[in-house]
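Commentary on secondary and tertiary structure
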Amino acid sequence: MKELINKLSKDFNITDAVYQRPSLTFVTVPKGVAISLVTDLRDYEGYSHFVMMSCVDWIEEGKFQLLYLLHNPETKTDIGVKTFIDRENAEMASAHHLWKQVWTYQRELKEAFGIDFPGSPRVDEDFVVEGWVEMPHMRRDFDTKEYSENTYFPRPGRETNDPATYMRKKLYPNEPITAKKQDNDK
Amino acid sequence: MPFTAWSKVVKEPVTIKDPLNREAAPRYRGFHDNDVDECIGCGTCEAICENEAIDLVPVDGIETKDGDSGLRPKIDYGRCCWCALCVDICTTNSLRLTNEYKWIDTDPDNFRFVPGVDKKDWYDKKDGWRKPEPNYEFYGLKRVEMGELHPEERDDSFIEMIQGYSKEQAEAEADRCVECGICTATCPAHMGIPEYIKAIRNDDLEEGLRILYDTNPLPEICGRICTHKCETVCTMGHKGDPISIRWLKRYIADQNPSEKYKKILETDKLTKNGKKVAIIGSGPAGLSAAYYLSLLGYDIEIFEKLAEAGGMMRFGIPEYRLPYDQIDKDVNYILSLGVKIHYNTTIGKDITLEKLNEDFDAVFAGTGLHLGRSTRIEGTEHKHVYQSIELLRKITEGEEIHVPEKIVVIGGGNVAMDITRSLARLQKIKYGKVQVTATSLETEEKMPADREEVVEAREEGCVVNPGWSPQRIEIVDGKIKGLHVVQCLSLFDETGNFNPQCNMKNENFFEADMVVESIGQGMDLSYISEPTKEHLEMGPRGRIKVNDYFQTSVGWLFMGGDTIQGPDVIHGIANGHKAAVGIDNFLTKK
Amino acid sequence: MINKFLGFEPDKEKLPSLTAKIGDDIDLSSHKYQKIWLGPNHPGVTGNMSVELWVQGNTVVKAKTHVGYLHRGFEKLIERRLFVQGFPTSIRMCVAEPDTNEYLIATCTEQLSGYDKAVPEMAKWLRMLSLEMARLQGLLRGVPGQGGTFALGLGVQWGVYLRDLILDRFEELTGARVYHMYIIPGGVRGLLPDGFKERMEDNLRDIDDFIIRIRRLMFHNSVFKKRAKGLAIVTPEMVDKYGIVGTTARGCGVKRDVRKDDPYLHYEQLDFDPPTDTDGDVYARTWVRWQELIQTVDLIRQIMAKMPDKGDIKTPMPNVLHWKIPKGETYVRLESGRGEYGMYYVTDGSDKPRRVNLRGPSYTHAIALLEDLLVGADVADVHGIMVSLQTCPPEIER
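Residues numbered from 1 in each chain as written. Chains lettered and ligands numbered in written order. Predicted model: local features only at pLDDT ≥ 70, side-chain atom pairs only at ≥ 80, totals over all residues. Heavy atoms only, no water.

**What about helix α4 (residues 98-113) of chain C?**
All names here are of chain C. Rules: Numbering of helices and strands runs from the N terminus; a helix is a DSSP stretch of H or I covering at least four residues, while a strand is a stretch of E covering at least two. One less than the number of residues in a helix, times 1.5 Å, gives the span that helix is expected to have. Only protein chains enter the accessibility calculation, which uses a 1.4 Å probe; a residue whose area is less than 20% of its type maximum is buried, one above 50% is exposed, and one in between is partly exposed.
In this model, α4 (16 residues) spans 23 Å end to end at C-alpha, consistent with the 22 Å of a helix rising 1.5 Å per residue. Of all 16 residues that make up α4, 16 are buried, and the element is covered over most of its length. The positive-phi residue at the C-terminal boundary of α4 is Gly114, with phi of around 80 degrees.

**Considering the sheet that holds strand β8 (residues 353-359) of chain C**
Consider a sheet: its strands pair through backbone hydrogen bonds, and that pairing is either parallel or antiparallel. Residue and element names in this part refer to chain C. Cut-off, in case you're wondering: Any two strands are treated as partners once DSSP identifies two or more bridges connecting them. Lines fitted to the C-alpha atoms define the axes, with helices restricted to the stretch that makes contact. Angles between their N-to-C directions range from 0 to 180 degrees.
Taking strand neighbours across the sheet as the criterion, the 3 strands line up as β6-β7-β8 in an open arrangement whose pairing is antiparallel. In this open sheet, the two strands that pair with only one neighbour each are β6 (328-336) and β8. Strand-to-strand, the axes of this sheet are offset by a mean angle of 15 degrees, without reference to chain direction. Two elements, β6 and strand β7 (residues 339-347), share 9 bridges in a ladder whose sense is antiparallel.

**So, a nonpolar patch on the surface**
Residues and elements named next belong to chain B. Using the following cut-off: Each patch is built from salt-bridge-free residues with over 30% relative accessible area, joining like charges within 9 Å and nonpolar side chains (Val, Leu, Ile, Met, Phe, Trp, Tyr) within 5 Å. Here, Shrake-Rupley sampling with a 1.4 Å probe gives the accessible areas, and only protein chains in the shown set may cover a residue. The working definition used for a salt bridge is a side-chain nitrogen of Lys or Arg within 4 Å of a carboxyl oxygen of Asp or Glu.
A cluster of nonpolar side chains, namely Phe3, Trp6, Val9 and Val10, defines an oily patch on the protein surface of about 570 Å² accessible area. Within the fold, Phe3 resides in the segment before β1 (32-34). By relative accessible area, Phe3 is classed as exposed at 75%.

**A few points about the packing of helix α6 (residues 193-201) of chain B against helix α7 (residues 205-215) of chain B**
All names here are of chain B. Cut-off, in case you're wondering: Note on angle classes: values under 35 degrees are labelled roughly parallel, values over 145 roughly antiparallel, values of 65 to 115 roughly perpendicular, and the remainder oblique. We call a crossing left-handed when the near helix sits turned anticlockwise from the far one by less than a right angle, and right-handed when that turn is clockwise. Should any heavy atoms of two residues lie within 4.5 Å, those residues are considered in contact. In this classification, Asp, Glu, Lys and Arg are treated as charged, Ala, Val, Leu, Ile, Met, Phe, Trp, Tyr, Cys and Pro as nonpolar, and every other residue, Gly included, as polar.
Running from N to C, α6 and α7 cross one another at 165 degrees; their axes reach a closest spacing of 8 Å. Judged by the angle between their axes, α6 and α7 are roughly antiparallel. The hand of the α6/α7 crossing is left-handed. In contact with Glu195, Tyr196, Ala199 and Ile200 of α6, α7 contributes Leu205, Glu207, Gly208, Ile211 and Leu212. Among the residues making up the contact of α6 with α7, the classes are represented as 6 nonpolar, 1 polar and 2 charged.

**Notes on the side chain of Asp418 of chain B**
Residue and element names in this part refer to chain B. Quick note on the threshold: Within 3.5 Å is the distance limit for a polar contact, defined as a pair of N or O atoms, with the added protein rule that one can donate a hydrogen and the other accept it, and that residues adjacent in sequence qualify only through two side-chain atoms.
You can see Asp418 is positioned in helix α17 (residues 414-431). Accessibility expressed as a relative area gives 3% for Asp418, which makes it buried. Within the local environment of Asp418, its side chain forms a polar contact with the side chain of Arg321, the two groups lying 2.7 Å apart. Beyond its immediate chain neighbours, meaning those up to four positions away, Asp418 contacts Gly316, Ile317, Pro318, Tyr320, Arg321, Leu392 and Glu453.

Printed below as a string of structure tokens:
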């Protein structure tokens, strides 16, 4: 695996390589290189099985991490090609021409994260959330709990007590306590 | 259709004959049941529930008390997914799922109920999901072992025997906490225990120190010798070892260097309010009051009878349990806030209480229990019969004390163990061997001393022989020969009054050259002079009457610590803190 | 369909050419095409999914898969839960074989936190047992279910009865029939109950008998043969192009099986060879699954014979309430009844995962592949093709 990565480093600008398992390696490349590296792996290195495409929202850094996971059926190894793209106006070159199922992933990523893949077939069609009007639902800043609280009506009648706070109210309501706890009570 | 299709035509049908009464498998996850007597309402089930299906609600007939929040889990079956994580994590093993799965009701509200309290048909079913066995735990049940010196390393010196946790050990121990907060109610100072344990987990020890100082200005001291009542109610103690709350507190204090205290606790600049408070005694209550009053802007002056601060913490507790430099660390930080201290100043002798009232806006007295009590049996007037509290003070002061080859200590409390083990060390140094016997009225199980104290005393070569009532000290030619005892059967009569019953036929004799009495201490109120005393109301059992804020009937005089509650350090600290609040209220309203 | 049997071939000359019309230029107003919706009910034994079909006469000229009827955002929900709280949610991502999800989520967390080496032996064998039992109950439904799509409902009744017996064993072992919640990070949640192996053996004997009968009922059945042979052919060239895995790939001779390619748990200690066939049509895929049914019964027997009698079921781990996993990412796969089933799992050092992404075979089989295979197919065969690709909509939309 290391040999292959070293060999690829000569042609592609691999900025980081993580050897997660003997059979699984993650490499990071700049946005512009990712599709060429994936094509190279498919055509010349035997990574012909496209396992999946995924996206991770690193909202703190303002980046989306795209992953193309490829499998080599001969050597039984996997390479995950990672690339980071800006979260604002996220856009990535389409890879739908490489495998038949890639456009499905790209269509999902468009809907779930708002990443555009110009030229990808049916990329603007709704996928799993037809008629969705909120922000793309898999982004980290989409709060599912808040959404469900605003959208649905819980049956009334639920209330709970924090044991420590309840005991204080019952047993020692006027004693000085730690400021941290006072904050929690509010 | 091939003929195969007809092959089952004449076969017995495989349908279940009575599907409504099919019993589920013994492990089936059905409706909840809770053993409400075992349950303590710690809320860990609520914390683990991924569907927020569990609420903790008060229940009629279950009282909120130490170690039991009085709350019980209420399940909302509209949300429950029967994963049974609540059962697996239950700290008392009280919660389970029965294998009942059929239940029809027209009222949706019935599907929210408190298992074990609201009557349901399935509680008598024994089968169902319980926490899997063996070795299936969601947290560590065993306490992280504390490094100690071996008996042979420690029995001839006064160096500290408990070594303290390393970072890894402390974090591993802190990881066991489930953050229920049951302990906070039991701690006399109501410390934010789950909060500072969380700070250890997050490796944010500065935050931990801030939490400690919110309610306890003596963390180094309490981290070593606190009576840790919190640990007796710890929810983890039901199935395993309670969390080492005391050692974790010590870990936070130990890791923060004293130079950084002011910065961490943001006490660099305190705004003064121009009012002055006098504090009598520099024990835990006095220091605690001084600290919290300083934070509020008061000018504090402490009057201490002895030459060093700390009171019973310094002069009562041996150095191997509480090293003097650790007392200094806590005390010096409080003094660094501008608290003045007058050593060797006895109220009533060097300065009168009335004078303090004139010079200061209020007075807090935390004078403690420094008078030894005597058994008053025959022979106690002999010069080699000592009071433990006196001897401990002399050891601290570095005074030479009488250490013969054979010693008997009367008493079964922690002070008795302190003097026993201190004398044992002195004997070891002097003679190379230990011959101390400690005896008490109480039997082994009922001895008031901490268990580990008794165990460690025995490890160090002391004999602890409880269950004997002292009768007389035998003195021949002016020399002590030993102590006559008889077997003690019971301590209290039916009405609960102290009235020991003995079996006079079962006698015993402990040989000794010296006898130490350690059966409790009394308070010395001689500093309260007549004009004040007249107005001072007394409460039950010879104690002075104080209100919720430790204010006596005199108004300007507040009292706290061992004279009012306890006796122990943590009550003193709590009293001092509360009194500080009371003094502030008293003076700002005046 | 009926025309095929009567030997009657309609004169399609007057109709528009099929191949010329594949694309988006189908003009419905020309009255030469009709649009029909299949679903979103349960078509056959899959799940709620619908296929939008453009037909010309009986023949499909274009198909579009529509999913979303089961979407509850499980991946997102798991992101908001502690590591130990993930598994009760994860199982719903594939109802057909819920244990696979439990295994993936447990293994991902173990690998990223370094506890993967510490999982006790006993737990590994029990995990294998529950995974193979899950495969078995899936096949007991899936193999006769393929007949069901061609109106051969009897086999389904036999199969579902036997599946219920396996669910009884699941109930004993795990405490639940369908959502087992058995495999948790660090191990499993229970040892085998007393007498489990004997009862299991009884069930397996019944299944042995069923295997013979279903062979006679389906594979010796001229109707089934006639309809399934030559239908929806997957060629070996398509396997990599479409990302085809599992029995669908093996049906055309491409031997892909994660249990052999990337052995997990103790699969290398078991003696088995994944069955294959060459034709690549619906019949071949079903035949491979029938052989796999035999193999799974054998594997369960092997596992029960080789597993230890007792042992620890879970490795000691940090308090689940505060368990944090350092930043990292991994991909773990297993061979489910439908093929390679994997999970991409990302942690960021906190007590909750950053991203959980499931890779299910249906994601490619039921969209890219199905849409292409349906073109030119008879409307009556659409169910059959869907089921033969082992479509499972919940794993598409998660």
